[in-house]
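Residues per chain, in single letters:
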Amino acid sequence: MSFKLRYIIVFFGAVFCLAGGVAMAMEIKSPAFTDNAEVPRKYTCQGEDISPPLSWSGAPTGTKSFCLINDDPDAPAGTWLHWTVFNMPADKKELSEAEGTPAKKQLPDNSKQGMTDFGRVGYGGPCPPPGKYHRYFFKLYALDTVLDLPAGAAKEEIEQAMAGHILAQAQIIGRYRR
């Protein structure tokens, strides 16, 4: 290995260490299903239709709030919005089972739920037409701000307010068919 190459490796290694050491990507997971696996019936319109448990880790420094957007890009009429939760506190690490199911605009920790394509706030589980599998994206965003939006906000308003404030993003995909 040449002196120049060793110098470059040492230099970038030092910069990496000064920047905080090991970089950890934000991750979201669920004990109910793994990434790209089937969402259990319990969390669908054919079951109890309650929100699945989700947990996350690896939020970057400077995170002031989290936002979760759950949608189905395979819906016949275009992407179907199943759930939004925003202004989740920066120290929040999970959404427990059924936490998003009450059609309440504001959760006990002051997180806000947005309007879904079901015409209400709160979680609405997978309910595709019979046939092929649909994918359900649970996208978590770490934000450097708290969004100045009312509970019941539309997905488009949430996405517009998040623009320029996303520090990190993670997702898990569930699949379901009837």
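Presented here is an overview of the structure given in this document. Quick caveat: nothing in here was measured; it's all calculated off a predicted structure.

### Re the overall build of the protein
When helices and strands are counted, the protein shows two helices and nine strands. Along the protein, from the amino end to the carboxyl end, the secondary structure elements read α-β-β-β-β-β-β-β-β-α-β. Counting contacts in the protein only where the partners sit at least 6 residues apart, residues at least 24 apart contribute 71% of the total. Summing over all exposed atoms, the protein offers an accessible surface of approximately 9,400 Å²; the carbon and sulfur share of this is 57%.

### Quick word on a negative patch on the surface
Taken together, the side chains of D117, E156, E157 and E159 present a region of like negative charge at the surface. With respect to the helices and strands, E156 occurs in helix α2 (residues 155-162).

### Some points on the packing of aromatic side chains
Taken as a whole and judged by the stated rule, the model has four aromatic pairs. Plain terms: the ring middles of F33 and F138 are 5.8 Å apart, the flat faces sit at 45° to each other, and that makes the pair tilted. Residue F33 is located in the loop between β1 (27-29) and β2 (37-38), and its partner F138 is located in strand β8 (residues 134-143); the two are separated by 105 residues in the primary sequence. In terms of burial, F33 and F138 fall into one category: buried. It is R175 that lies over the ring of Y133; its NZ or CZ is 4.1 Å from the centre.

### Quick look at the side chain of H82
You can see H82 is positioned in strand β5 (residues 80-89). Given a relative accessible area of 3%, H82 falls into the buried group. Of the polar contacts made by the side chain of H82, one reaches the backbone oxygen of G125; its length is 3.3 Å. With residues near it in sequence (within four places) discarded, H82 still touches N70, D71, D72, T116, F118, G122, Y123, G124, G125, P126, C127 and Y136.

### Here's the deal with the sheet that holds β2
The six strands are arranged β2-β9-β8-β4-β5-β7 in an open sheet whose pairing can be described as mixed. Among the strands making up the open sheet, the edge pair consists of β2 and β7 (112-113). Pairing between β2 and strand β9 (residues 166-176): two bridges, direction parallel. The residue bridging A37 from the neighbouring strand is G174, located in β9.

### Observations concerning the pairing of β8
Counted residue by residue, β8 has nine buried out of ten residues, so it is predominantly covered. Bridging between strand β4 (residues 65-72) and β8 involves seven bridges; their strand directions are antiparallel. Among the inter-strand pairings, L68 is bridged to a residue of β8, identified as L140.

### Structural notes on the nonpolar core
Counting residues in hydrophobic clusters, the biggest one holds 24 residues, and the most contacted among them are I28, L68, W83, M88, F138 and L140. Broken down by secondary-structure element, the contributors of at least two residues to this core are β3 (54-57), β4, β5, β8 and β9. In this view, I28 contacts L54, S55, W56, L68, F138, L140, A170, Q171 and I172; residues no more than four positions away in its chain are not counted. Core analysis: the next-biggest nonpolar cluster, separate from the first, contains eleven residues, F86, L147, L149 and A153 among them.

Cut-off values and rules
- Residues numbered from 1 in each chain as written.
- Predicted model: local features only at pLDDT ≥ 70, side-chain atom pairs only at ≥ 80, totals over all residues.
- Heavy atoms only, no water.
- Helix = DSSP H or I, 4+ residues; strand = E, 2+ residues; numbered from the N terminus.
- Contact = heavy atoms within 4.5 Å.
- Areas by Shrake-Rupley, 256 points an atom, 1.4 Å probe, with all protein chains shown as cover.
- Patch = residues over 30% accessible without salt bridge, like charges linked within 9 Å, V, L, I, M, F, W, Y side chains within 5 Å.
- Salt bridge = Lys/Arg side-chain N within 4 Å of Asp/Glu carboxyl O.
- Lys, Arg positive; Asp, Glu negative; His and termini not counted.
- Charge placed at Lys NZ, Arg CZ, Asp CG, Glu CD.
- Phe/Tyr/Trp six-rings, centres within 6.5 Å; stacked < 30°, edge-to-face > 60°.
- Buried < 20%, exposed > 50% of the residue type's maximum accessible area, 1.4 Å probe, protein only.
- Lys NZ or Arg CZ within 6 Å of the ring centre and 35° of its normal.
- Polar contact = N/O pair within 3.5 Å; in protein donor to acceptor, adjacent residues only side chain to side chain.
- Pairing = 2+ DSSP bridges.
- Core = buried A, V, L, I, M, F, W, Y, C linked by side-chain atoms within 4.5 Å.

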